[in-house]
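Close look at the chain arrangement
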Amino acid sequence: MNKEEKYDLVVALTEQIKEYGNFYITDTADLTVAKVNTIRRQCFENDITMQVAKNSLIKKAMEAAGGDFQPIFDVLKGSSSILFSKSATAPAKLIKQLRKKGDKPVLKAAYIDSAIFIGDNQLDTLTKLKSKEQLIGEIVGLLQSPAKNVVSALQSGGSIIAGVVKTLQERG
């Protein structure tokens with residue numbers, strides 16, 4: 001790979017880091033070409049973009065993208081693949097699924113909306129993350145709940161009061 005190709009790759013990775021906001025760095029060393037192609041196909045099917053790149057180029061792309069990626073730099077050793085996705089959990093779920101059939105890919109690090117997760121032991125945590133939309137939905141539901149309870153209480157209380165008034169009128 002010549003300097004121009006490396007530069008183009010760094011620019012492309014930088015744009016993807018900025019565009020997606022979520023990325024996973026995995027260890028895919030010692031996998032056969034067939035296995036890597038299978039992973040790429042599954043990534044494509046799950047709206048995940050996979051890019052194999054040298055660690056030094058991944059580091060340069062992160063530096064060019066801005067942000068605090070310093071903790072990730074320490075795990076950039078050996079063979080690395082970077083997975084980009086709009087979904088914070090899709091790559092984690094795919095890695096977990098792939099691991100049922102083998103011991104790779106191994107999660108080195110993940111960057112999810114400015115939060116950094118280091119190490120393969122974070123995989124379960126990453127699969128359980130909720131999207132912004134899910135969290136907003138839960139908050140809206142929680143905010144609506146008290147209002148619904150008040151309305152419900154007023155409606156049921158109103159029918160009780162009407163029943164008491166009707167009973168008193170019948171007696172009186």
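What counts, and where the lines are drawn
- Residues numbered from 1 in each chain as written.
- Predicted model: local features only at pLDDT ≥ 70, side-chain atom pairs only at ≥ 80, totals over all residues.
- Heavy atoms only, no water.
- Phe/Tyr/Trp six-rings, centres within 6.5 Å; stacked < 30°, edge-to-face > 60°.
- Helix = DSSP H or I, 4+ residues; strand = E, 2+ residues; numbered from the N terminus.
- Buried < 20%, exposed > 50% of the residue type's maximum accessible area, 1.4 Å probe, protein only.
- Expected span 1.5 Å × (residues − 1).
- Arc of directions from axis to C-beta.
- Contact = heavy atoms within 4.5 Å.
- Polar contact = N/O pair within 3.5 Å; in protein donor to acceptor, adjacent residues only side chain to side chain.
- Axes fitted to C-alpha atoms, helices over the stretch in contact; angles between N-to-C directions.
- Parallel < 35°, antiparallel > 145°, perpendicular 65-115°, else oblique.
- Left-handed = near helix turned anticlockwise from the far one by under 90°.
- Nonpolar A, V, L, I, M, F, W, Y, C, P; charged D, E, K, R; others polar.
- Pairing = 2+ DSSP bridges.

One pass over the structure, following the stated rule, counts five aromatic pairs. Ring geometry for Phe23 and Phe69: centres 5.9 Å apart, planes at 45°, overall tilted. Of this pair, Phe23 sits in strand 1 (residues 22-27) while Phe69 sits in the loop between helix 3 (55-65) and helix 4 (70-73); the two residues are 46 residues apart in sequence, bridging distant segments of the chain. Using a relative accessible area of 1% as the deciding quantity, one classes Phe23 as buried.

What follows concerns helix 1 (residues 3-20). For helix 1, with 18 residues, the first-to-last C-alpha span of 26 Å sits near the 26 Å given by 1.5 Å per residue. Residues Leu9, Val10, Leu13, Thr14, Gln16, Ile17 and Tyr20 constitute the buried set of helix 1. Down the axis of helix 1, the buried side of the element spans an arc of 165°, and every buried residue falls inside it. Residues Glu4, Tyr7, Glu15 and Lys18 are exposed on helix 1 and point more than 90 degrees away from its buried face. For helix 1, the elements touching its buried residues are strand 1, strand 2 (48-53), helix 3 and strand 3 (80-85). With a side-chain oxygen positioned 3.0 Å from the backbone nitrogen of Glu4, the residue opening helix 1 is Asn2. With its phi angle positive at about 75°, Gly21 sits one or two positions after the end of helix 1.

The subject of this paragraph is the packing of helix 2 (residues 33-45) against helix 5 (residues 90-99). Here helix 2 crosses helix 5 at 140°, and the two axes come no closer than 11 Å. As far as their axial angle goes, helix 5 and helix 2 are oblique. Seen along the crossing, helix 2 lies across helix 5 with a hand that is right-handed. Residues Ile39, Gln42 and Cys43 of helix 2 pack against Leu94, Gln97 and Leu98 of helix 5. Residues belonging to the contact of helix 2 with helix 5 are distributed by class as follows: four nonpolar, two polar and no charged.

The next thing to look at is the pairing of strand 3. Of all six residues making up strand 3, six are buried, and the element is well covered by its neighbours. Side chains Ser80, Ile82 and Phe84 of strand 3 all project onto a buried face; the interleaved residues Ser81, Leu83 and Ser85 project onto the opposite face, where all are buried too. Across four bridges, the pairing between strand 1 and strand 3 is antiparallel. Note on strand 3: the bridge partner recorded for Thr26 is Ser81. The pairing of strand 2 with strand 3 spans six bridges and is classified as antiparallel. Counted as the bridge partner of Val52 is Ser81 from strand 3.

Attention shifts here to the packing of helix 1 against helix 3. One way to put it is that helix 1 packs onto helix 3 with a least axis distance of 8 Å and a crossing angle of 50°. For the element pair helix 1 / helix 3, the angle class is oblique. Crossing of helix 1 against helix 3: the hand is right-handed. Facing Lys6, Leu9, Val10, Leu13, Thr14, Ile17 and Lys18 of helix 1, the residues of helix 3 in contact are Leu57, Ile58, Lys60, Ala61, Met62, Ala64 and Ala65.

Let us now look at unusual backbone geometry. With an omega dihedral of 5°, the bond running from Lys104 to Pro105 counts as a cis peptide bond. Mapped onto the secondary structure, Pro105 falls in the loop between helix 5 and strand 4 (106-112). In this model, Asp113 sits at a positive phi of 45°, which is unusual for a non-glycine residue. Here Asp113 is to be found in the loop between strand 4 and strand 5 (115-118). Positive phi outside glycine occurs at Ser114, with the angle close to 80°.

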